[in-house]
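Take a look at the letters that make up each chain.
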Amino acid sequence: MTTARKPPRTVFVCQECGYETPKWLGRCPECSSWNTLVERVAAEAPRPAGPSPPPLELSSLSHEDEPRLAFGLPEFDRVLGGGVVPGSLALIGGDPGIGKSTLLLQVASLAADSRPVLYLSGEESARQIKLRASRLGLTGGGLFVLTETNLDAALREAEPLSPGLLVVDSIQTVYTEAAPQAPGSIVQLRQCTMDLMRWAKETGVPAFIVGHVTKEGDIAGPRLLEHIVDVVLYLEGERFSSYRLLRSVKNRFGSIDEVGVFEMTGQGLAGVDNPSQAFIAERASRAVGSVVVPTLEGSRPLLVEVQALTSPTAMPTPRRTVNGLDFNRLLLVAAVLTRRVGLSLAGQDVIASVVGGLRVHEPAADLGLALAIVSSHRDKPVPPDLAALGEVGLSGELRSVSQLERRLLEAERLGFRRCLLPESALARAKPKTKLELLPAATLREAIKLGLPGGRQD
Ligand code: TYD
Ligand code: MG
């Protein structure tokens, strides 16, 4: 070798987050980790690309929909927009233990009916997967399990199999030789996902990757990968409730308005045909502190039961607790009840929750929450045939909600007869509904209509 050659330029790369700097630092300015910067030869500047494809005039392209592969699990297909698009990469995120592997094993088995499926597992042994498959009543024909954490090797194995679907469970356990970091580090997550994206595009085979969301470290989790992949789905639910919601937060090939509702049974995840009915099934007919709210999950109306309990506090500051609702919405509703309705909540703990392990974040549930609190405070039930809908504003006014008719239709379908709603929601058009509508301009008025006979009336 000649000595005249310049020594290669080096950089210091953070082993946690991939931050690069020309000088050594004790602490990474990007992710604040200590002693993670390691000297590496700097990557060469990207070479000029070859001839690029000519620009295409949109009108010259066919506007046919992407072909899709439906799995025959309607709640799953619905969330994907009718099925998975060949060559697409989808991320399924969710808390550990929520049912991601179960769902994907079911889906993989359905796909294996037509073409081999490669299930790459870095978390469980082939035997464990076999046990789960037996529990799910799946034979496993056409389903090939590979317990390999080296992604490069795994993709080489995939070639002779020529699978119709690839599942990687989980992205946190695989690594590529191209990066020196440990599996699960940000650099590995990103690089492996990009490799899988390229593989899917080159082969035209769709791939699913599982990503755990960790409570403490969202940053090292799937959120980071959302912008790389084509489709992002999250499987949600409370650990101790059997319902699971599969929600789409990104879909390059379809709308993100669809949500799938499942129930975790002894034989895996089963689609729930009539979720509203399931979510309000256990409601006592004259329960104090319980109100049914027609919410929207994407474009799908779902009736949920919002519950509240007020009780005298034993603490210097009363507590506010939520489960399945937005904590700040509870604070807002409680403050408006105190200031605009005159309900004295100062010495009261308030606990609010959504039944069935669902999470409702839309402000349209405000009125239901407010009514539930008042109902508990007065120890008086809300009539069982009444649903409530509306956002509460800071001055105590009720604000309109989107897609009113859809919500009312769902309440009607499940046997409700009346609905409390913001007056402003009826300003533009009268919704077609058989429900008796009880419009109110303010929260105070709505409470009078829903729970007549209070002290302030
Ligand atoms: P799993 O799919 O392993 O979760 P993840 O991959 O998201 O970490 O699901 C684990 C839970 O699901 C476990 O607590 C057991 C439960 N389960 C059932 O209730 N029924 C079943 O048929 C299966 C396979 C699992
Ligand atoms: Mg798993």
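Here the residue numbers are simple positions, counted from 1 along each chain's written sequence. Here every chain gets a letter starting at A, and every ligand a number starting at 1, in the order they are written. Selection of residues for local features in this predicted model requires a pLDDT of at least 70, selection of side-chain atom pairs for listing and counting requires 80 or more, and totals for whole chains, interfaces and linings are taken over all residues. The side-chain figures draw on all heavy atoms in the structure; neither hydrogens nor water molecules are used.

J.: Explain the nonpolar core to me, using residue names and the numbers behind them.
T.: Grouped burial of nonpolar side chains is what soluble globular proteins tend to show. Core analysis: the largest hydrophobic core is formed by 63 residues, its most contacted members being Leu-337, Leu-369, Ile-373, Leu-404, Phe-416, Leu-420 and Leu-443. No other element matches the seven residues that helix α8 (residues 366-378) contributes to this core. Two residues form a contact once any of their heavy atoms are found within 4.5 Å. Residue contacts for Phe-416: discarding those within four places in its chain leaves Ile-280, Arg-283, Val-292, Leu-303, Pro-384, Asp-385, Leu-386, Ala-387, Ala-411 and Leu-435. For this analysis, a nonpolar core means a set of buried residues of the types Ala, Val, Leu, Ile, Met, Phe, Trp, Tyr and Cys, connected via side-chain atoms within 4.5 Å. Any residue under 20% of the maximum accessible area for its type is buried, any over 50% is exposed, and the rest in between are partly exposed; the area is computed with a 1.4 Å probe on protein chains only. The next biggest cluster of nonpolar side chains, apart from the first, holds 35 residues, and it includes Leu-120, Leu-225, Ile-228 and Tyr-234. To qualify as a helix, a DSSP run of H or I must reach at least 4 residues; to qualify as a strand, a run of E must reach at least 2; elements of each kind are numbered from the N terminus.

J.: Please give an account of unusual backbone geometry that cites residues and values.
T.: Note that the residue after Asp-169, namely Ser-170, is joined by a cis bond; omega there is 5 degrees. Phi at Asn-35 takes a positive value of approximately 50 degrees, unusual for a residue other than glycine. By the element assignment, Asn-35 lies in the loop between β2 (20-21) and β3 (37-41). One non-glycine residue, Asp-379, lies in the positive phi region at around 55 degrees. For Asp-379, the position within the fold is in the loop between α8 and β17 (386-388).

J.: Please give an account of the site of ligand 1 that cites residues and values.
T.: The cutoff for a nearby residue is simple: one of its non-hydrogen atoms must lie within 4 Å of the molecule or strand. Not every one of the 17 residues close to ligand 1 is listed here, only the nearest: Gly-97, Ser-101, Thr-102, Arg-132 and Gly-268. Pairing of N or O atoms within 3.5 Å defines a polar contact, subject to two protein rules: one partner must be a possible hydrogen donor and the other a possible acceptor, and residues neighboring in sequence count only if both atoms are side-chain atoms. Contact between ligand 1 and Gly-266: an oxygen atom at 3.0 Å from a main-chain N or O atom of the residue. At 2.7 Å from an oxygen atom of ligand 1 is found a main-chain nitrogen or oxygen belonging to Gly-268. Contact with the protein chains hides 77% of the accessible area of ligand 1, taken as 560 Å² for the molecule alone. Elements with a minimum of two residues in the shell around ligand 1: α2 (100-111), α3 (126-135) and β11 (259-265). Note that accessible areas follow from Shrake-Rupley with a 1.4 Å probe, and for residues the cover is restricted to the protein chains shown.

J.: Kindly report on the packing of aromatic side chains, identifying the contributing residues and their values.
T.: Ring pairs shown here join Phe, Tyr and Trp side chains whose ring centres sit within 6.5 Å, with only the six-membered ring taken for Trp; geometry is labelled stacked below 30 degrees between planes, edge-to-face above 60, and tilted in between. A full pass over the atoms with the stated rule returns four aromatic pairs. An angle of 70 degrees between the planes, with centres 5.7 Å apart, marks the rings of Phe-76 and Phe-208 as edge-to-face. With Phe-76 in helix α1 (residues 74-80) and Phe-208 in strand β8 (residues 207-212), this pair connects stretches of sequence that are 132 residues apart. Assessed through its relative accessible area of 0%, Phe-76 is described here as buried. Each member of the aromatic cluster is reached from another via a ring pair, and the members are Phe-71, Phe-76 and Phe-208.

J.: Go over the pairing of β11 with me, naming the residues and quoting the values.
T.: Remember that side chains alternate between the two faces of the sheet whenever the strand is regular. Only strands joined by at least two bridges in the DSSP assignment are considered to pair. Relative to β11, strand β10 (residues 243-251) runs antiparallel, the two sharing five bridges. Of the residues in β11, the one forming a bridge with Leu-245 is Val-261. Here β11 pairs with strand β12 (residues 268-271) via four bridges, running antiparallel. Residue pairing for β12: Met-264 is matched across the bridge by Leu-269. Between β11 and β12, which pair antiparallel and follow one another directly, the connecting turn spans two residues.

J.: Explain the sheet that holds strand β4 (residues 89-94) residue by residue, including any values.
T.: Reading across the sheet, the nine strands line up as β6-β5-β7-β8-β4-β9-β10-β11-β12 and stay open at both edges, with mixed pairing between neighbours. Edge positions in the open sheet fall to β6 (143-146) and β12, since each of these has one partner strand only. Between one strand axis and the next, the sheet turns through 25 degrees on average, direction left out of account. Strands in contact with helix α5 (residues 186-203) are β4, β7 (165-169) and β8; relative to β4, the strand with the most contacts, it is inclined by about 140 degrees. In this analysis an axis means a line fitted to C-alpha atoms, helices contributing only their contacting stretch, and an angle means the value between N-to-C directions, from 0 to 180 degrees.

J.: Before we move on, can you summarise the pattern of salt bridges with the specific residues and values?
T.: Any Lys or Arg side-chain nitrogen found within 4 Å of a carboxyl oxygen on Asp or Glu counts as a salt bridge. Scanning the entire structure with this criterion turns up 17 salt bridges. One salt bridge in this structure joins Glu-362 and Arg-407, with 2.8 Å as the shortest N-O distance. Placement of Glu-362 in the loop between β16 (348-354) and α8 and of Arg-407 in helix α9 (residues 404-413) is noted, with a sequence separation of 45 residues between them. Exposure class is identical for Glu-362 and Arg-407. Each is buried.

J.: I'd like to hear about α5, residue by residue, with values.
T.: Taking 1.5 Å of rise per residue, 18 residues should cover 26 Å, and α5 covers 26 Å from first to last C-alpha, within 8% of that figure. Within the span of α5, buried status applies to Ile-186, Val-187, Gln-188, Leu-189, Cys-192, Thr-193, Asp-195, Leu-196, Met-197, Trp-199 and Ala-200. Against β1 (10-14), β4, α4 (151-161), β7 and β8 lie the buried residues of α5. Immediately downstream of α5, the backbone of Gly-204 shows phi near 75 degrees, a positive value. Every helix has an expected span of 1.5 Å times one less than the residues it contains.

J.: Could you give an account of the pairing of strand β5 (residues 117-121), naming the residues involved and the relevant values?
T.: Counting buried positions along β5 gives five out of five residues, so the element sits mostly inside the fold. Neither face of β5 is left uncovered, since the one carrying Val-117, Tyr-119 and Ser-121 and the one carrying Leu-118 and Leu-120 both have all their residues buried. Of the strand pairs in this sheet, β5 and β6 are connected by four bridges, and their pairing is parallel. If you follow Leu-120 over to β6, its bridge partner there is Leu-146. At this point the chain moves from β5, through α3, to the parallel β6, and the crossover so formed is right-handed. Looking at chain direction, β5 and β7 are connected through five bridges and run parallel. When the bridges of β7 are listed, Val-117 appears paired with Leu-165. Crossovers are marked right-handed if the path from the first strand over the helix to the second runs clockwise, as seen with the strands pointing away from the viewer.

J.: Outline the packing of α2 against α3, listing residues and values.
T.: Remark: α2 packs on α3, axes separated minimally by 11 Å, with the N-to-C direction vectors making an angle of 70 degrees. Looking at the two axes, α2 sits roughly perpendicular to α3. Taken together, the residues of α3 that come into contact with α2 (itself represented by Ser-101, Thr-102 and Leu-105) are Ile-129, Arg-132 and Ala-133. Following the grouping adopted for this structure description, the nonpolar residues are Ala, Val, Leu, Ile, Met, Phe, Trp, Tyr, Cys and Pro, the charged ones are Asp, Glu, Lys and Arg, and the polar ones are all others, Gly among them. In terms of residue class, the contact of α2 with α3 is built from three nonpolar, two polar and one charged. The labels follow the angle: roughly parallel below 35 degrees, roughly antiparallel above 145, roughly perpendicular from 65 to 115, and oblique for the rest.

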